[in-house]
Each structure stands twice: as C-alpha cells, then as structure tokens.
Amino acid sequence: MRALITQRTLLSLVLGLLFSSMMAMGRCREDYHALLSQLQKQANSTQDPSTLLDPYMRIQGLNFPRLREHCKERPGAFPSNNALRGLGQQAFLRTLDATLSLVLHRLAALQRHLPEAQDLENLPMARQNTQDLQTLKMARLNIQGLRNNIYCMSRLLGSSQDASEPTQTGPGTSLPPTPIPDAFQRKLEGCRFLDGYHRFMRSVGQVFSDWGESPSRSRRHRPRRALQKGAHRTRPSSKGKRLTPRGQLLH
Amino acid sequence: MAFPAVFQTTCFFMLLSLRACQSEVLTEHLPLTPEALKVFVNSTQQSLHLQWTVHNLPYKGELKMVFQIQISRTETSNIIWKGNYSTTVKWNEILHWSWESELPLECATHFVRIKSVVDDAKVPQPNIWSSWSSWQEAKVQDSFEQDTLFIFPKDKLVEEGSDVTICYISGNIQNNISCYLDGEQIHGEQLDPHVSTFKLKNVPFVRERGTNIYCVDHRRNTINGGTVLFVSKVLEEPKNFSCETQDLKTLSCTWDPGVDTTLAWSKQRSQSYYTLFESFSGKKKLCKEKNWCNWPISQDSQAMYNFTLTAENYLRKRSVNLLFNLTDRVHPMSPLSVKFENISATNAVMTWKVRPTGDYLTLLCEIELYGERKMTQHNVSVKVNGKYLLSELEPDTEYAARVRCAANHFWKWSEWSGQNFTTLQAAPLEALDVWRSVKSGPGTQNVTFFWKLPPKFHANGKILHYTVIVENLDKPSRLEALTIPAPANGTELTLDQSSYEIRVTASNSVGTSPASVMVISADPGDKEVKAERIKGSKDGFFISWKPQSGDFMGYVVDWCDHPQDTLCDFQWKNIGPNTTSTVISSDAFRPGVRYNFRIYGLSTERIAYLLEKKTGYTQELAPLDNPQVDTINLTSHSFTLSWKNYSTESQPAFIEGYYVYLKSKARRCHPGAEKEVLSEITDTTVCCQYKINNPGQKTFTVENLQPESFYEFFVTPYTSVGEGPNSTFTRVRTPDEYSYMLIRIILPVILCIFLLLVACNLKSQWVKEKCYPDIPDPYKSSVLSLIKSKENPHRTIMNISDCIPDAIEVVNKPEGTKTQSLGTRKSLTETESTKPVYLYLLPTEKNYAGPGPCICFENFTYNQAASDSGSCGHPVPVPLGALPSQLGLLTSPENLLQAPGKNCMNSQGEIPTGETTLNYVSQLAAPVSGDKDSLPTNPLMPPPCSEYKMQMAVPFCLVSPPLTENSGLSSMTLLGPGDH
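Because the structure is predicted, anything quoted here is derived from the model rather than measured.

Topic: the overall build of chain A
In step 1: The helix and strand inventory of chain A stands at ten helices and zero strands.
In step 2: In sequence order, the secondary structure elements of chain A are arranged as α-α-α-α-α-α-α-α-α-α.
In step 3: Taking all 251 residues of chain A together, the buried fraction comes to 54%.
In step 4: Within chain A, contacts between residues separated by at least 24 positions form 83% of all contacts whose residues are at least 6 apart in sequence.
In step 5: As displayed, chain A offers around 12,100 Å² of accessible surface, 52% of which is attributable to carbon and sulfur atoms.

Looking at the overall build of chain B
In step 1: Summing up its helical and strand segments, chain B has eleven helices and 57 strands in all.
In step 2: Restricting to contacts in chain B with at least 6 residues of sequence separation, those with at least 24 account for 67%.
In step 3: Counting every atom, chain B has about 55,500 Å² of accessible surface; 53% of that belongs to carbon and sulfur.

Quick word on the pairing of strand β18 (residues 250-256) of chain B
Residue and element names in this part refer to chain B.
In step 1: Across the two faces of β18 the burial differs, with Leu-251, Cys-253 and Trp-255 buried and Thr-250, Ser-252, Thr-254 and Asp-256 not buried at all.
In step 2: In terms of strand pairing, strand β17 (residues 239-245) meets β18 through five bridges, oriented antiparallel. The residue bridging Cys-243 from the neighbouring strand is Cys-253, located in β18.
In step 3: Once β17 ends, the chain turns through four residues before running back antiparallel as β18, passing Leu-248 with a positive phi of about 60°.

Concerning the confidence of the model for chain B
All names here are of chain B.
In step 1: Of all residues in chain B, 73% have pLDDT values of 70 or greater, and the mean over the chain is 76.
In step 2: A low-confidence stretch, residues 15-29 (pLDDT under 50), is modelled with four contacts involving residues beyond four sequence positions or located in other chains.
In step 3: Taken together, the chains of this predicted complex give a pTM of 0.52 and an interface ipTM of 0.73.

Some remarks on helix α8 (residues 183-213) of chain A
In step 1: Spanning 31 residues, α8 of chain A covers 45 Å between terminal C-alpha atoms, matching the ideal 45 Å at 1.5 Å per step.
In step 2: The buried count for α8 of chain A comes to 25 of 31 residues, which makes it a mostly enclosed element.

Focus on the sheet that holds strand β45 (residues 630-632) of chain B
Residues and elements named next belong to chain B.
In step 1: One open sheet holds the three strands; their spatial order is β45-β46-β50, and the pairing between them is antiparallel. Single-partner strands in this sheet number two, and they are β45 and β50 (699-702). When the angles between neighbouring strand axes are averaged without regard to direction, this sheet yields 25°.
In step 2: As judged from the three bridges shared by β45 and strand β46 (residues 639-642), these two strands associate in the antiparallel manner. The partner of Thr-631 across the bridge, within β46, is Leu-641.

Overview of unusual backbone geometry
Residues and elements named next belong to chain B.
In step 1: Omega for the peptide link from Phe-152 to Pro-153 comes to 0°, which places this bond in the cis form.
In step 2: You can see Pro-153 is positioned in the loop between β8 (149-152) and β9 (156-159).
In step 3: Of the consecutive residues Ala-486 and Pro-487, the connecting peptide bond is found in the cis state with omega at 10°.
In step 4: The backbone of Asn-92 sits at a positive phi, close to 65°, despite the residue not being glycine.
In step 5: The phi dihedral of Asp-569 is positive, around 60°, even though this residue is not glycine.
In step 6: Relative to the helices and strands, Asp-569 is located in the loop between β40 (552-560) and β41 (570-575).

Brief notes about the interface of chain B and chain A
It is common to give the size of an interface as the accessible area that goes away when the parts come together.
In step 1: Each side of the interface is counted separately: chain B has 28 residues, and chain A has 27 residues.
In step 2: Between chain B and chain A, the buried area comes to about 2,100 Å², and carbon and sulfur atoms account for 57% of it.
In step 3: At the boundary of chain B with chain A, the tally comes to zero salt bridges.
In step 4: At the junction of chain B with chain A, the criterion picks out seven residue pairs in polar contact (both at pLDDT 80 or more).
In step 5: Sorting the residues of the side of chain B that touches chain A by element identifies β15 (211-217) and β16 (222-232) of chain B as the ones contributing at least two each.
In step 6: At seven residues, β16 of chain B tops the list of elements feeding residues into the side of chain B that touches chain A.

A word on the packing of aromatic side chains
All names here are of chain B.
In step 1: In the structure shown here, the tally under the stated rule is 47 aromatic pairs over all chains.
In step 2: Between Tyr-305 and Phe-307, the aromatic rings sit 6.0 Å apart at their centres with planes inclined by 10°, giving stacked as the arrangement. Accessibility classification places Tyr-305 together with Phe-307 in one group, the buried group.
In step 3: Relative to Tyr-595, the ring of Phe-589 lies with its centre 4.5 Å away and its plane at 50°, an arrangement referred to as tilted. Each member of the pair, Phe-589 as well as Tyr-595, is classed as buried.
In step 4: In this structure an aromatic cluster arises from ring pairing among Phe-541, Trp-559, Phe-589, Tyr-595 and Phe-597.
In step 5: Over the face of the ring belonging to Phe-710 we find Arg-731, whose NZ or CZ atom lies 4.3 Å from the ring centre.

Details of helix α6 (residues 89-112) of chain A
In step 1: When the terminal C-alpha atoms of α6 of chain A are compared, their 34 Å separation across 24 residues agrees well with the 34 Å that a helix rising 1.5 Å per residue should span.
In step 2: Among the 24 residues of α6 of chain A, 21 are classified as buried, and the element is accordingly described as predominantly covered.

A few points about the sheet that holds β41 of chain B
Residues and elements named next belong to chain B.
In step 1: Strand order in the open sheet made by the five strands is β38-β44-β43-β40-β41, with mixed pairing throughout. Of all strands in the sheet, those with a lone pairing partner are β38 (531-535) and β41, marking the two edges. Within the sheet, the average angular offset between the axes of one strand and its neighbour, ignoring direction, is 25°.
In step 2: Sheet topology places β40 next to strand β43 (residues 594-603); six bridges connect them, and they run antiparallel. Pairing of Gly-554 across the sheet is with Leu-602, part of β43.

Quick word on the packing of helix α3 (residues 53-60) of chain A against α8 of chain A
Residue and element names in this part refer to chain A.
In step 1: Their axes nearest at 10 Å, the elements α3 and α8 cross at an angle of 170°. Here α3 is positioned roughly antiparallel relative to α8, judged by the angle of their axes. For the pair α3 and α8, contact is made by Leu-53, Tyr-56, Met-57 and Gln-60 and by Arg-186, Lys-187, Gly-190, Cys-191, Leu-194, Asp-195 and His-198, respectively.
In step 2: Of the residues belonging to the contact of α3 with α8, the class tally is five nonpolar, three polar and three charged.

Some details on the nonpolar core
In step 1: Counting 58 residues, the largest nonpolar core has Phe-92, Leu-96, Met-153, Met-201, Val-204, Phe-208 and Trp-211 of chain A as the members making the most contacts within it.
In step 2: Secondary-structure elements contributing two or more residues to this core are α2 (32-46), α3, α6, α7 (126-156) and α8 of chain A together with β15 and β16 of chain B.
In step 3: Broken down by element, the residue count for this core peaks at 13 residues, all from α8 of chain A.
In step 4: With residues near it in sequence (within four places) discarded, Val-204 of chain A still touches Ala-43, Leu-84, Phe-92 and Leu-96 of chain A.
In step 5: Cys-293, Val-354, Tyr-399 and Cys-405 of chain B belong to the second-largest nonpolar core, a separate cluster that totals 42 residues.

Some thoughts on the packing of α6 of chain A against α8 of chain A
Packed helix pairs are specified by the crossing angle of their axes together with the interaxial distance, meaning the distance between the axes.
Residues and elements named next belong to chain A.
In step 1: α8 packs onto α6 with a crossing angle of 155° between their chain directions and a minimal axis gap of 11 Å. Judged on the interaxial angle alone, α8 and α6 are roughly antiparallel. Crossing hand, α6 versus α8: left-handed. When α6 is examined against α8, the residues Gln-89, Phe-92, Leu-93, Leu-96, Thr-99, Leu-100, Val-103 and Arg-106 are found in contact with a partner set consisting of Arg-186, Glu-189, Gly-190, Phe-193, Tyr-197, Phe-200, Met-201, Val-204, Val-207, Phe-208 and Trp-211.
In step 2: A class-by-class count of the residues in the contact of α6 with α8 yields 13 nonpolar, three polar and three charged.

Observations concerning the environment of Val-677 of chain B
In step 1: Here Val-677 of chain B shows up in strand β48 (residues 673-679).
In step 2: The spatial distance from the C-alpha of Val-677 of chain B to the C-alpha of Gln-689 of chain B is 9.1 Å, given a sequence separation of twelve residues.

Side note on the pattern of salt bridges
All names here are of chain A.
In step 1: Within this structure, the stated rule accounts for 23 salt bridges over all chains.
In step 2: With its nearest N and O atoms 3.5 Å apart, the salt bridge here joins Asp-210 to Arg-85. In this pair, Asp-210 is assigned in helix α8 and Arg-85 in helix α5 (residues 81-85), connecting sequence segments 125 residues apart.
In step 3: Note that Glu-189 and Arg-192 form a salt bridge whose closest N and O atoms lie 3.5 Å from each other. Of this pair, Glu-189 and Arg-192 both sit in helix α8, three residues apart, which is roughly one turn of the helix.
In step 4: When salt bridges that share partners are traced, they join Arg-74, Glu-189 and Arg-192 into one network.

A few points about the side chain of Asp-182 of chain B
In step 1: Following the sequence through the fold, Asp-182 of chain B ends up in the loop between β11 (177-181) and β12 (184-186).
In step 2: A polar atom in the side chain of Asp-182 of chain B sits 3.2 Å from the side chain of Arg-207 of chain B.
In step 3: If near-sequence neighbours (up to four positions away) are discounted, Asp-182 of chain B is found in contact with Gly-61 and Phe-64 of chain A together with Val-206, Arg-207, Thr-211, Asn-212 and Tyr-214 of chain B.

Definitions and cut-offs
Residues numbered from 1 in each chain as written. Chains lettered and ligands numbered in written order. Predicted model: local features only at pLDDT ≥ 70, side-chain atom pairs only at ≥ 80, totals over all residues. Heavy atoms only, no water. Helix = DSSP H or I, 4+ residues; strand = E, 2+ residues; numbered from the N terminus. Buried < 20%, exposed > 50% of the residue type's maximum accessible area, 1.4 Å probe, protein only. Contact = heavy atoms within 4.5 Å. Areas by Shrake-Rupley, 256 points an atom, 1.4 Å probe, with all protein chains shown as cover. Pairing = 2+ DSSP bridges. pLDDT = per-residue confidence, 0-100. Expected span 1.5 Å × (residues − 1). Axes fitted to C-alpha atoms, helices over the stretch in contact; angles between N-to-C directions. Buried area = accessible area lost by both parts, 1.4 Å probe. Salt bridge = Lys/Arg side-chain N within 4 Å of Asp/Glu carboxyl O. Polar contact = N/O pair within 3.5 Å; in protein donor to acceptor, adjacent residues only side chain to side chain. Phe/Tyr/Trp six-rings, centres within 6.5 Å; stacked < 30°, edge-to-face > 60°. Lys NZ or Arg CZ within 6 Å of the ring centre and 35° of its normal. Parallel < 35°, antiparallel > 145°, perpendicular 65-115°, else oblique. Nonpolar A, V, L, I, M, F, W, Y, C, P; charged D, E, K, R; others polar. Core = buried A, V, L, I, M, F, W, Y, C linked by side-chain atoms within 4.5 Å. Left-handed = near helix turned anticlockwise from the far one by under 90°.

This is the structure in structure tokens:
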C-alpha cells in the first residue's frame, strides 16, 4: 500500500513538475485532448485521500476512527457536483482555479506550522511524519501543476484574459496565519476542508471526463485554434457564472 | 532641691502622656483591613490575579504585613485554598498577588477574600488580624447555551511529565457524553451537573501538533467540544557554553541546547530563544540560532568578559554564566603557506606563516613529523613567520609534516596545516645480510648465494644493482665480478673444489654499500648430522643447539618457508655468538607441514659449518591418506602386503608406524593382532589389527590363513595425533592347496613330455628304424650277393609279376554260429553281415569278365581314419591287372595277420570267427603254371577303387586311443612298393 502511494505521489510529482516547468518556459500544450487527458489524470490523482487528507490527519493526530467519522465535508464548502456540471467550460475552469488557489493558501499556512523533516529525526514516529510532510509538499506541487494546466486549457479555449495566471511554484506566498484560539476546531475544520477538497476534485474529474466523452460539448467548446480555422464561434454559456468555495479556510 | 524634683516629675508625666498618646494612635488605626480587593482572571495562565490596597497606614513609611487569602470554588463555603502572603506595604501602594488554579477557571466560579495583620517590629505586640474582606467572585463565563459543550483549558501548553486537569462545561445536564484523549476514553469526576473534570497525570509527548482531547455527545452523535494539549519537552540548561576568538575581533560563543522542546513549530509564541548578556558592558544580544552566537569585540580594550546565556521559552527559563579573559580564549586559525627549503638527505627547513591576531600575540606552534617508522614532535614559538630545521632525517624518505599553533596562554590548538616532502638519497648505509646454500657435486660446488633486500632505512635510495665478486682463495686468479640488477635477491654460482670468498655490495644512484663477505670452503667439513625432531607451535619453533667450542662469530639458522614448493622460499636468521637458541617464526608456517632447519656456525673466517639439523611441525595432523598397498606372495596360507611407494617424509605428521586391519569370516585374530572395532559411516566393522611400530617397515606378511578363504585388509599409518582415515578394505582370496600342488607337479611333467617329444622328433629316424623299419629290398640284400657268388650264379630274385596270385576263398557261415561279440567288434560283424559283398573274391583269368568287385584288407600296421570316400565304402570294380601288384605286398603273411600288436590293434580274438572265414591259399604252396605266364600279359593297371593315400606312420607304442567303431570301418589301404 505504501509503495503504491509512493509510486502515485512520485508520478504526480513528476507530472506536476513537468507542467510547472513548461509553464515556467511559457509553453502550453496546444493539443486539446492531450491537455484534457492530463487534467483528467491530475484530477483523478488528487481526489485520492492518501495524497492529502490521510497525511494531514496523521500529522494532526486525527487518525482515530471516532474522529475520522466526523471528518466530513461541510455542506457548501465546495461547489457541488451538480453545480460544477452546470458550469460552462470557462466558468468551470475559473471556479476550479479559484478553489485550488484557496487550497494552496491553506496548505501553505499549514506547512508554515510544520517542522522540517530533518527536525523530526529524534521524535517518535519520525519516519511516518517525515513521509507525511513530504506528501504534503508534493500535494502543493501537484496543485500548482494542475493550475498551470487549467491556465493552458483556458488559453486554449480562447479566454486567456479571464483565466487567472498560474501560480508560480514557491514557498507559501499566501495570507498570514490568523490566530484561532481553538486549535482543535481548527484541526477539525482543516480535516473537513480537505475531505471536501477530495470530493470536489472527484467531481472535477467527472466533469473532465464528461468533456472527453461528450462530442457535442466538445464541439461546443472547441479550441480557439480550431475555431479560428473557420468554425463557428462558441455560443457563450448561459451557465458561465463563477462559483467560489464557501468553506471557511481556517489556518 | 525642690526644682530638680519638680523637673523630674514633670518630665515623667510628659513621657507618660506621650506614650499614652502613641498607644492611643496605634490602637485607633489597627487592625489594617485590606480594601478595594479586585480579582482578575487570566484564562491563558489559568490564574487569579488579586489587587488590593491598605488604607490608613499609620506611617508614611513602610510596614511589614501578612495577608491571609482564602479561595473558594463554586460557593464561598467550599474553600479550596488558603495561604499567607507577607510583604512590606508602602503607603498608598496597590498590592498584587496571583494564584494559579489547577482547574481551568472557566469551569467553575471562584471566590476570594483577604485579611491582614501587621507583622512589623515597630508595632508592639500583640498583633491582631483584621476582619475578612468581602468575597470577591471570579467568573469567566456567565451561562452556556443549550446543547453546547466546552472543554477547557484551550490549547494548553504544558511540560512533559506534568499533571493537567481538564474540564468541560455542558449546557445540558450531562447525559451520554464520553471524552477521549486521542483514541482512548478518559474518565473524570463530576463537579456539578454541568461540569466534569479529568486529571491527567504525567502527560507524555505524543506529537508536535499536540494531543487531542474531545468529547462526543452520543445522543446526537456529534463532537461537541475539543481541545489540544500541547506537550513540550522540558527546556534544558545550555551545556558546554564556551566563547573564543580567532581574530580578536569577534567572539564566537557556542553551546549545546540539549533536547529540542518541540515548541518551535507547535506554538510559535512560546518558541524558546537564547540571549547573551555581557555584564561588564551591559550589552545584550538576542541570538538567532539555538546553538551559537557571535559577539563583536569592542575596541575599548575590554579584557574581561562575563557572559550570561539565557534560554527561555513560554514555560521555563534557564541560564548559564561564563567569565573569561579575552586573551585566554584565543583560538588561532590554521597556519598558512607551509613550505620546505634546503632539503638534503638528512635535513629540511620547514617554514610557515600564522594569520595575524590583534596584538601579534606570540604563538606556540607544534610540528609533527611523520616518517615511515615513527612520528616526532617539535615545538617552536612564533610571532608571524615560523621556521624550523628538521634534522636527523632519513635519506630518500617521504615525510609528512604538519603544524598547528596556539596562544601562549593555551586555549585551543588551531587546525593543522601540513605538507609532504622527500629527502634526498644517500649511499646505502649497511652491508647486505647474505647467506648461501651449497650443493656439492663431482668436482664442483653449486653455490646459491642469497641476500636480503636492505631495509628502506639502510638502502638510502632505490637499489639499482648488486655486485658479486668471487675470489679463489686457493690459487691466485683474476677476480670475477657479476653485476646483478635489482630487485634480484640471489644468484647461483658454480665453483670448483677450491675455497672462494664471495663479496656482495648493493648500489644506488649515490653510492655503494659496504661489502658482505662469505667464504665457501673447499672442505666444508660438514659431518653427517641426523635431524632431531622438535615440536613447534603456532608461534613458531624454539630451536636450541649445543654451545660450540670453536671460535664462532655467530650462528645462522636456515629453513624453507614453503618446503613443499619447488621454490621453497629460502630463509635464514642470524644469531649472535653468545646465543644458542632462538625462536623461528613465520607467517608462512602452516600446520601439517614439516619444516627442516639447519644450524650453522659462522667462523671468524666467515666459513659456515653445519652443526645441527632440526625437523618438526608447528602442529602435527592426522594423515590424510593411506598408502597404496600391493598384495604379493599370495599362497593358500599367507600373503604379503607392500606399500613401498608410501613416502613418510611428505606426511602431515611424523609417521610412527602402521596399522594393518584384517577382516575375515573367522573373526578370530591370530597372536600378534588385536581385535578392533572400526566405526564407519554406515556400520561398525570388527577386524584384527596388526601394529607395525617401525615407520620404515613397509611390508607385512599375514600368515596362518585358511586356504580358499576371503580376507579383507587395509593399511593406515598412525602418528602422534592419530591414524589415517578409514578406507575401504581390499579383498583377497587365498588359493586351495591342491591347485598349488598341481602346479608343482604338472608343470614338470608337461616339461618332461615336451622334452621327450623334442627328443623323439630329433631321433625320429631312430625310432622309425626301431619301431617300423622299412621293408627290406631284396635286391639289396646281402644274402643275394652271397647266393650269387657261392652257390648259384643264375639264381635271381623272384619277380612279383612272375607269381600267380593265390585264391582266397570266402566261406559263409550262418549267423547263428556266432559265439560272441565283443565291444566294437560286434558292430563290425554286423556290418559285414549286412554287407556280404564287402569282400570280393579275386577273379581268376577264367572267370574275370571285366570290372568287378575288389577286395580290401586291413593293414594293421597303419592307422587311418575312416573315410567314406575310400574305396571300401562301396563296391568298386577292380581291374584284373592290378591284382598282382597289390597282392605282392602280401608275401609276408605276418605283415597281415601278425603285425598288429595287442596294444595297437583289434585283437585277433576280436575278429569274428565263424561269420566269415578267410582262407588263405599261398601261391607258393600250389603254384599254377598256366597262370604264371598270363600275368605279365596283363599290364598293371591302377584299380579304379583303390587309391593310395599319404599316411602317417605311427609307432605301435604311441597308438594309444583304442579303435573305435568308426575306426573299425576304416578301409585297409594297400601300399604299393616304394610308396611308403
């Protein structure tokens, strides 16, 4: 099991770094299907709790059955599956990007309070803790890579101006941590947030899957390059409104 | 007199009145009651902070007072703590005091009251306690909503091992609420229907993100409240706090912070930090790192420093002090530019520089010099540049030199700085260690001359070649010099039987070593020395020899490290003249290998004399193999075993003898043998053991054996550590006695017969003459000559053709007249009876009318095998003309009827009598003249049925096989004249 997780995380790390580097070089893949396939893979990999929620719970000491069963997504914290499927492609990408941005901030805040792996050598469970910390770091890189691909997909769909610029890989550049008096509640909220995040990414994966499977929808959102080659322009989606996660991001 | 008395009385009353006034004032203001008592709650520190004043202090100065404080929980009557607080109260001062609660203050309302008493020497006794202040309530929360539950304290930070009290307040009457510490349920004590407490003893550190404590409302299945207990490891006092400077500009202070408190990431606000405070300058510095800090040295020539290092976190503060003089803490940097100058074969000058320190302190520098064999140390004082002469070095040697420095007032050495250098070469210092091995041949001596490569410290450089000079001491001759390039370690010389002096020198690029001299004597005088056995050990061989009376300058022991190899790795060891023993050890010595040592005495003329020989093993081992045994001299009662090819010299131990194991069915051992049980892998074998005590005896005869019996044997050597391995028995069978006898008898007989046959063959003519002489030729008869000369000159020998053949009459008799038949003759009779025409009457002129039957006679002089192809097998007509010549042979009736002897032919008795009677009518008895003339008219014609065959003439005495039935059927062959 551990080997499986390690392989998966390594794969996602490689993919994340690959696309991050591509973005750093200012390049985007212009193959719609390849990009969509990549997004799908990234969404599928990030929906796995072992990539984020499980190490988080172990680090916070929440990995007990009684606590685990209360670690459920708060309704409304993330856009629902239906809401996501109702969005147009551009709106969907914007929503996804915004949500991932918040997740990144949350993870950055979390990592600021965590020790470096080498500081854990003399502590109990040092090996497990070190592994979990590395998994959390990789999760951030994966999200960075996913956001880069979202940016590229937005550009490919012809709305680069609307798409948010991809976040550059680097240490926490987000909001300063807000002191919360109750650390326990903060832990639980974080846990629920990440549970919602994995559910959200599962829905995202399904949406990407829909994109790949539905020819009509694909035609409707054909890449800009294809459109410029004489095809009719995409009709603006009536469901193009942008949703944002309503969950409170606690640090 | 009255005035003084009045004055005294007045004064007395004045004093009395003053004192009374004073007492009245104090009595009026005491006791002093605390006033304006206020209670503040600090939830984080879980403490009550009290603040009050004491009004109406009688003096504007200070007054020592004692305050008694009571604290109640939940209700005033439940006093949980009381204590005194002593302090000096100043006029109008607001007094403060804190009390830390075990129970989180949120979980219960607390009440505080206070009273006081003056405890000052200025106030006369007795002191009276004031009355209590009113109860002051300390309450954190007023009320709780329904269905809410709060756990306190929130995010409590404690040290590992401390005790903590946790509580929760529920908005409802407690029902179905369970609390857990991480995954385990904890059980507490109910303070009131809404409040429960949990006392956690000796809390451990679990994780840096804290231990989770939470309560679950089972009725609603929700986690209503929780808290995190952050457990910190105890902050330790910094260890090994030390400060030093390398450049007198900056002090570098280091320490060991000890165990990490883990607070650095769990509670940012309580991160432990370290501060340095220097008391002389009053300066303070917050250190960024947890184990080191730099302190700038001021330029005001401050010599003494008194540092206080303080480690502090939210829970604890620890500090250590360090006082020192700056110059005592100078740790110089490593020296620079280490170089070597004027390097010769034995000297070199080492130079280096030290990094400048503030006041150019004098430094003490230490030099370490590593040669090939040893390390030497040298000390030198240095200001700026260091210089040192390294002397007594060894030529052609690589040295490693390094230097480090310290302040004169030693604190610490600097790091090492080093460099390598090599001294120059010099001529080899000492003569070679030489030895020789001499093998004498006819008229020559083969001398193998060895020398040991000089040690590095004697070679003084790379040896390029060796020079061997051979000088004949017996007759003046030209010196013979051999130059042998390195790295040879010996040479072979073939010398005649003269005495020679051999000198060897080694040369390098600079010079030549002193010569090593050895004399090979024409008459070494080596006597036959028998090797003495010695016992070695893993440490080698202890070898001793008898002190020699001669004038010896020393002794030499030589041996081979690998005696079993062709190149035996010849070794020798020189021993002084006053020593008669030594220990020979070598890494090459192995157990089970025999080593031979020769001890020589070396005379002052440098001639070596063999004194003794030693041989031994470092460890004897049991023989690994058994001899190959041959069986010889096998008789019916003994056999001999031989293993002459077995070498006792190459065995892993001294062979002390042999065991011969003999196994037989009898299982009985002869005298001289012992019954022995041999254990083998599969079974045990009982056999007889013969012991041979002489290792040189390599044959053994086993006697007293049974003929025609199987015996099994094997032979194994034995040594002091055991015998050889068990091996398979070899089987041998003793022959029977008769065959032995037969061999002894038959062989001579056969030989005799053979000789006899040879003799007979050689004397065959003689035998022939004796046994079957030729038929005499009447023409050559001497009688004839006598007749001619004396009686009748006309007489002549009758020609056979002139004779008229006689008639033979065959008379048949009836079969019933047979009298008896004997043996094989009977068959003949029967044959004749069944073939009545077997004999045919010879025809006369009258009745001969052409081809007719012929007659056959058996000539018993010859033995011819039966042949069906002969003329007797069937009737063949005989021409009439052939008869005279054939019958001419029958002139001697003895030849026909009497020649066969008893042993060589059928007896006459065997001839069937009565069956057929052959009546012979001699032609001489009744000659017929008419016939006489007619015979020559019939030319002699070969009979068609008669044929002459080459026949082997056999003497009568050698015709041993009796005639068989077949032979009885053999045809009788008529031999013509001159045909035999």
